[in-house]
Amino acid sequence: MLADIANLSNFMARIVQKYGGTSVGSPERIEAVAERIEQWKREGNEVVVVVSAMSGETDRLLQLAGQVCDQPTERELDVLLATGEQTTIALMAMALNHRGVPAVSLTGAQAGIVTDGVHTRAKISSIDARAIEDALANGSVVIVAGFQGQTESGLITTLGRGGSDLSAIALAAGIKADLCQIYTDVSGVYTADPRVVPEARKIETIAYEEMLEMASSGSKVMQSRAVEFAKKFGVIFEVRSSFNQESGTRVVKESNDMEQVVVRGVSVEKNQAKVHLAGVDDEPGVAARLFLSIAEAGVNVDMIVQNVSSRLADEGSGVTDITFTLHQDDIHRVEPIIEKFRSDSLAEDIQITGGICKLSVVGIGMKSHSGVAAKLFTALAEAGINIQMISTSEIKIAVVIAEERMTEAMNVAHSAFELHLEEPT
Ligand code: ADP
Ligand code: ASP
Ligand code: MG
């Protein structure tokens, strides 16, 4: 496990730092980051740096692909997208060399990051850290391209959007770093996206489970797969800003006192759609058939709600309603599937509604405190915001609402749980 970050200030350490797109978004920003890296290096630390593509670059490359082809193969998309990070590693190494700091750049493949063959969302299967170890032993800062790896057979892969976070966490585990720092454009993980909720407050310490729930319900400050990996391998990390010297947020294993805080944060997932099937035959295998076809189309569904059957089960098969949510970009893939469901008379009516979002409140304190759902629903009701769907897990309550009410709902939920106030210590 990584050493306690708080006690590292006067200690020569092995550090993995990750700088996101905005942090390296211009030559001036690369210069500013190189200066920070130089300081860590001059203090005697071993430094491995993971960088993202310059901000906007991955989207630009995706758009370029769209201009030459409707549906590029995922293999070629990976070859294209990996160039974004490759540009940044070279520029960062040049900037450091120019300052007199020895630095070498490594692509994901050169850094020994081996993945499975699932293009555009590959999983890291192993890391052969020899090239990194050799460069560190030579006294160099090592600059690694985030978001990318290579299969056993040498194909270039990428790790899903936001995947440089995962590269950094996995490398920290792979080279047994003492410290993993995720540098971004905000000062840490906040109680809500500070761009949506101005009153949001920086969280000092958060449990993996909470960070994972927040990340997977829309708080894109960390990629959820990266948090999952960190939790699995016990990689303690901190999220902090590359634009100031403030201390950030530490993401750690859950401790008992953390349950005092009932709600740690509020997240929102935008661009969602809701699919409603009414009058669905209520018999074994119908839901399986529906969701199997959806899975085969490569679509991820999120919330699923099925009503109690409109007739008692022992009176023979009744009918029920099934509603689920998905990303609105996937509507075109799901439409033919549910249309077929209706034409096969497995559902009486179908409806797809876009323009919705999912708001979640997250906190491990929910395990031992009641009344959280009531407080959230009351606050939304008082603001006249209609709840379209509800789902809960042990540490999360999520509601689907109209996307046009998103900002208001986030602020209302944040105030209802008084998240702007300091946490009890
Ligand atoms: P990077 O390019 O450094 O990876 P990202 O854009 O992926 O940065 O993530 C940082 C952004 O995440 C912030 O600018 C902020 O708007 C957003 N964000 C969403 N939820 C949160 C939250 N709870 N705390 C902090 N930032 C958040
Ligand atoms: N450049 C990739 C993206 O924009 C990976 C990352 O920034 O983490 O998603
Ligand atoms: Mg990111």
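Everything below is about the structure shown above.
Residues numbered from 1 in each chain as written. Chains lettered and ligands numbered in written order. Predicted model: local features only at pLDDT ≥ 70, side-chain atom pairs only at ≥ 80, totals over all residues. Heavy atoms only, no water.

### Some points on the site of ligand 2
Right, so step 1: Every residue near ligand 2 is listed here: S52, A53, T58, E85, F147, R161, G162, G163 and S164.
Right, so step 2: For ligand 2, an oxygen atom lies 3.1 Å from a polar atom in the side chain of S52.
Right, so step 3: A distance of 2.7 Å is found between an oxygen atom of ligand 2 and a side-chain nitrogen or oxygen belonging to R161.
Right, so step 4: Compared with its free state, where it exposes 260 Å², ligand 2 has 86% of that area covered by protein. (Near = heavy atom within 4 Å. Polar contact = N/O pair within 3.5 Å; in protein donor to acceptor, adjacent residues only side chain to side chain. Areas by Shrake-Rupley, 256 points an atom, 1.4 Å probe, with all protein chains shown as cover.)

### Some thoughts on the site of ligand 1
Right, so step 1: Around ligand 1 sit 18 residues in total, of which T184, D185, Y190, D193 and R195 are the nearest.
Right, so step 2: Between ligand 1 and G21 there is a distance of 3.1 Å, counted from an oxygen atom to a backbone nitrogen or oxygen.
Right, so step 3: Within the side chain of D193, a nitrogen or oxygen atom sits 2.9 Å from an oxygen atom of ligand 1.
Right, so step 4: Burial of ligand 1 by the surrounding chains reaches 90%, relative to a free accessible area of 570 Å².
Right, so step 5: When its residues are assigned to classes, the shell around ligand 1 shows 8 nonpolar, 5 polar and 5 charged. (Nonpolar A, V, L, I, M, F, W, Y, C, P; charged D, E, K, R; others polar.)

### What about the pairing of strand 9 (residues 179-184)?
Right, so step 1: With 6 of its 6 residues buried, strand 9 lies for the most part within the structure.
Right, so step 2: Here strand 9 shows a buried face lined by L179, Q181 and Y183 and a second buried face lined by C180, I182 and T184.
Right, so step 3: Where strand 1 (residues 14-19) meets strand 9, 5 bridges bridge the pair, whose relative direction is parallel. The partner of V16 across the bridge, within strand 9, is C180.
Right, so step 4: With 5 bridges connecting them, strand 9 and strand 11 (residues 237-241) associate as parallel partners. Directly across from C180, in strand 11, lies its bridge partner F237. (Buried < 20%, exposed > 50% of the residue type's maximum accessible area, 1.4 Å probe, protein only. Helix = DSSP H or I, 4+ residues; strand = E, 2+ residues; numbered from the N terminus. Pairing = 2+ DSSP bridges.)

### Details of the sheet that holds strand 5 (residues 124-127)
Right, so step 1: Taken in spatial order, the 4 strands of this open sheet run 5-4-7-8, and their pairing is mixed. Each end of this open sheet is capped by a strand with a single partner; those strands are strand 5 and strand 8 (156-158). For this sheet, the mean inter-axis angle between neighbouring strands, taken without regard to orientation, is 45°.
Right, so step 2: Pairing of strand 7 (residues 148-151) with strand 8, which is carried by 3 bridges, proceeds in the antiparallel orientation. (Axes fitted to C-alpha atoms, helices over the stretch in contact; angles between N-to-C directions.)

### Re the packing of helix 8 (residues 286-296) against helix 9 (residues 331-343)
Right, so step 1: Helix 9 packs onto helix 8 with a crossing angle of 155° between their chain directions and a minimal axis gap of 9 Å. The orientation of helix 8 with respect to helix 9, classified from their angle, is roughly antiparallel. Crossing angle aside, the handedness with which helix 8 passes helix 9 is right-handed. In this structure, helix 8 uses V286, R289, L290, S293 and I294 to contact helix 9, whose residues at the interface are V334, I337, I338, K340 and F341.
Right, so step 2: Residue composition of the contact of helix 8 with helix 9, grouped by class: 7 nonpolar, 1 polar and 2 charged. (Parallel < 35°, antiparallel > 145°, perpendicular 65-115°, else oblique. Left-handed = near helix turned anticlockwise from the far one by under 90°. Contact = heavy atoms within 4.5 Å.)

### Observations concerning the packing of aromatic side chains
Right, so step 1: Per the stated rule, a full pass over the model turns up 3 aromatic pairs.
Right, so step 2: Seen in terms of ring centroids, Y19 and Y183 are 4.7 Å apart; in terms of plane orientation they differ by 10°. Their pairing is stacked. Here the residue Y19 occupies a position in strand 1, and Y183 occupies one in strand 9, the gap between them amounting to 164 residues. With respect to burial, Y19 and Y183 carry one shared label: buried.
Right, so step 3: Here the basic side chain of R29 rests over the ring of F243, its NZ or CZ set 3.8 Å away from the ring centre. (Phe/Tyr/Trp six-rings, centres within 6.5 Å; stacked < 30°, edge-to-face > 60°. Lys NZ or Arg CZ within 6 Å of the ring centre and 35° of its normal.)

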